[in-house]
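# Architecture at a glance
This is what each chain is made of:
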Amino acid sequence: MKELKERILNDGKCFTGGILKVDNFINHQMDPTLMREMAKEFAKRFSSHNINKVLTIEASGIAPAIMMGEELGVPVLFAKKNVPSTMENMLTTEVYSFTKNKSYSVCVSADYLSPNDRVLFIDDFLANGNAAIGIIDLVNKAGAKLEGMGFLIEKGFQDGGEKLRSKGIHVESLAIIDSLDNCTITLR
Ligand code: 5GP
């Protein structure tokens, strides 16, 4: 998606270890106009699916996901990283975090994710696919159907995209980064 790619080139910052910071418009300060355009683009790309719920993972997925839910007119559910003692009918899984280099539990309540749900997962980044694989596990535990997975930015030099596409999942990424070598952003 042209607007996002231009924004990444203008405002994205590379850090050692293959990390791209987009704190100016996605991960800290947020650009709602761009967020809305990205939701419209996902809506087009997933138009062949009959989606009745958007699912994401806190915290950085929530902003794009809520725009997506509004665009589709469906509820938005976010998987929680801190397992609350009061959650009823809890489904949990473990996710390894690339940026934090540790594993954590994520959960959703089966009250909000059930066999009636046809789910679109939305997140900011796809890297090694660990968050996405945790989400697939939660969707399976709930007996829901995964319709697709949409990422604002895919790091094409990590293997998450390959892992998900090889499972036959409909994956859409609005910008794919081919390399962050030498702290230079190379887009596909
Ligand atoms: P994965 O689970 O696919 O390995 O990593 C995806 C998650 O890690 C995303 O939800 C995102 O929060 C974080 N992440 C991975 N790589 C980057 C990166 O280069 N920049 C930022 N800002 N977050 C990243």
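Before reading further, recall that the structure is shown in the block above.
Residues take numbers from 1 onward in each chain, read along the sequence in its written order. A pLDDT threshold of at least 70 governs which residues receive local features in this predicted model, and a stricter bar of 80 or more applies before side-chain atom pairs are shown or counted, although totals over entire chains, interfaces and linings include all residues. Heavy atoms from the whole structure form the basis of all side-chain values; hydrogens and water molecules are not counted.

## Side note on the nonpolar core
Counting residues in hydrophobic clusters, the biggest one holds 33 residues, and the most contacted among them are Leu4, Ile8, Leu20 and Ile153. Secondary structure counts use DSSP, requiring at least four H or I residues in a row for a helix and at least two E residues in a row for a strand, with both numbered from the N terminus. A total of six residues in this core trace back to one element, the largest contributor, which is helix α2 (residues 32–45). Whether two residues are in contact is decided by their heavy atoms, any of which lying within 4.5 Å being enough. Not counting residues up to four positions away in its chain, the partners in contact with isoleucine 8 are Leu20, Phe25, Ile153, Ala175, Ile177, Ile185 and Leu187. With 25 residues, the next largest nonpolar core counts Leu55, Val95, Val108 and Ala144 among its residues. The nonpolar core is taken to be a set of buried Ala, Val, Leu, Ile, Met, Phe, Trp, Tyr and Cys residues, with the residues joined through side-chain atoms within 4.5 Å. Buried, partly exposed and exposed residues are distinguished by accessible area as a fraction of the type maximum, computed with a 1.4 Å probe on protein chains only: under 20%, between the cut-offs, and over 50%, respectively.

## Here we look at α2
Helix length check: α2, at 14 residues, gives a terminal C-alpha distance of 20 Å against a target of 20 Å (1.5 Å per residue), a fit within 8%. Among the residues making up α2, those that are buried are Leu34, Met35, Met38, Ala39, Glu41, Phe42 and Ala43. Within 3.5 Å is the distance limit for a polar contact, defined as a pair of N or O atoms, with the added protein rule that one can donate a hydrogen and the other accept it, and that residues adjacent in sequence qualify only through two side-chain atoms. Residue aspartate 31 occupies the N-cap position of α2, its side-chain oxygen lying 2.9 Å from the main-chain nitrogen of threonine 33. Expected helix span is taken as 1.5 Å per residue step, with the number of steps being one fewer than the number of residues.

## Regarding the environment of isoleucine 62
With respect to the helices and strands, isoleucine 62 occurs in helix α3 (residues 62–72). Note on isoleucine 62: relative accessible area 28%, which makes it partly exposed. Residues isoleucine 62 and aspartate 124, spaced 62 residues apart in sequence, show a C-alpha to C-alpha distance of 8.9 Å. Not counting the four nearest positions on each side in its chain, isoleucine 62 is found in contact with Thr56, Ile57 and Phe78.

## Here we look at the site of the ligand
Near the ligand you find 17 residues, and of these Leu20, Ala127, Asn128, Gly129 and Ala131 are the closest. Here a nitrogen atom of the ligand sits 2.7 Å away from a polar atom, N or O, in the main chain of leucine 20. Between the ligand and the protein, one listed contact pairs an oxygen atom with a backbone N or O atom of alanine 127 at 2.8 Å. Exposure was quantified through the Shrake-Rupley algorithm and a 1.4 Å probe, taking into account, for residues, occlusion by the shown protein chains and nothing else. Contact with the protein chains removes 87% of the 500 Å² of surface that the ligand exposes when unbound. When residues of the shell around the ligand are traced back to their parent elements, those giving at least two are β2 (19–21), β7 (118–126) and α4 (130–142). Ranked by residue count, the leading element in the shell around the ligand is β7, at four residues. For the shell around the ligand, a count of residues per class yields seven nonpolar, seven polar and three charged. Being near a molecule or strand, for a residue, comes down to having at least one heavy atom within 4 Å of it. Only Asp, Glu, Lys and Arg are considered charged, only Ala, Val, Leu, Ile, Met, Phe, Trp, Tyr, Cys and Pro nonpolar, and every remaining residue, Gly among them, polar.

## Focus: α4
Residues lying three or four places apart along an α-helix face the same way, a consequence of the helix completing one turn every 3.6 residues. With 13 residues, α4 should reach 18 Å at 1.5 Å per residue; the first-to-last C-alpha distance of 19 Å fits that figure. For α4, every residue scored as buried is listed here: Ala132, Gly134, Ile135, Ile136, Leu138, Val139 and Ala142. Immediately downstream of α4, the backbone of glycine 143 shows phi near 75°, a positive value.

## A short note on the packing of α2 against α3
If you want to describe how two helices pack, look at the angle between their axes and the distance between the axes. Only the stretch in contact is used when fitting a helix axis, every axis being a line fitted to C-alpha atoms; angles between N-to-C directions are given from 0 to 180 degrees. One can describe the packing of α2 onto α3 by two numbers: an axis separation of 9 Å at closest approach and a directional angle of 55°. Here α3 runs oblique to α2, going by the angle between their axes. The handedness of the crossing between α2 and α3 is right-handed. Contact residues: Pro32, Met35, Arg36, Ala39, Lys40, Phe42 and Ala43 in α2; Ala63, Pro64, Met67, Met68, Glu70, Glu71 and Leu72 in α3. Any angle that falls under 35 degrees is termed roughly parallel, while one over 145 is termed roughly antiparallel, one within 65 to 115 roughly perpendicular, and all others oblique. Crossings are assigned a handedness: left-handed for a near helix turned anticlockwise from the far helix by less than a right angle, right-handed for a clockwise turn.

## Details of the side chain of threonine 56
Examined against the element boundaries, threonine 56 turns out to sit in strand β3 (residues 53–57). Other than its neighbours up to four places away in sequence, threonine 56 contacts Gly61, Ile62, Ala65, Leu77, Phe78, Ala79, Phe121, Ile122, Asp123 and Ile135.

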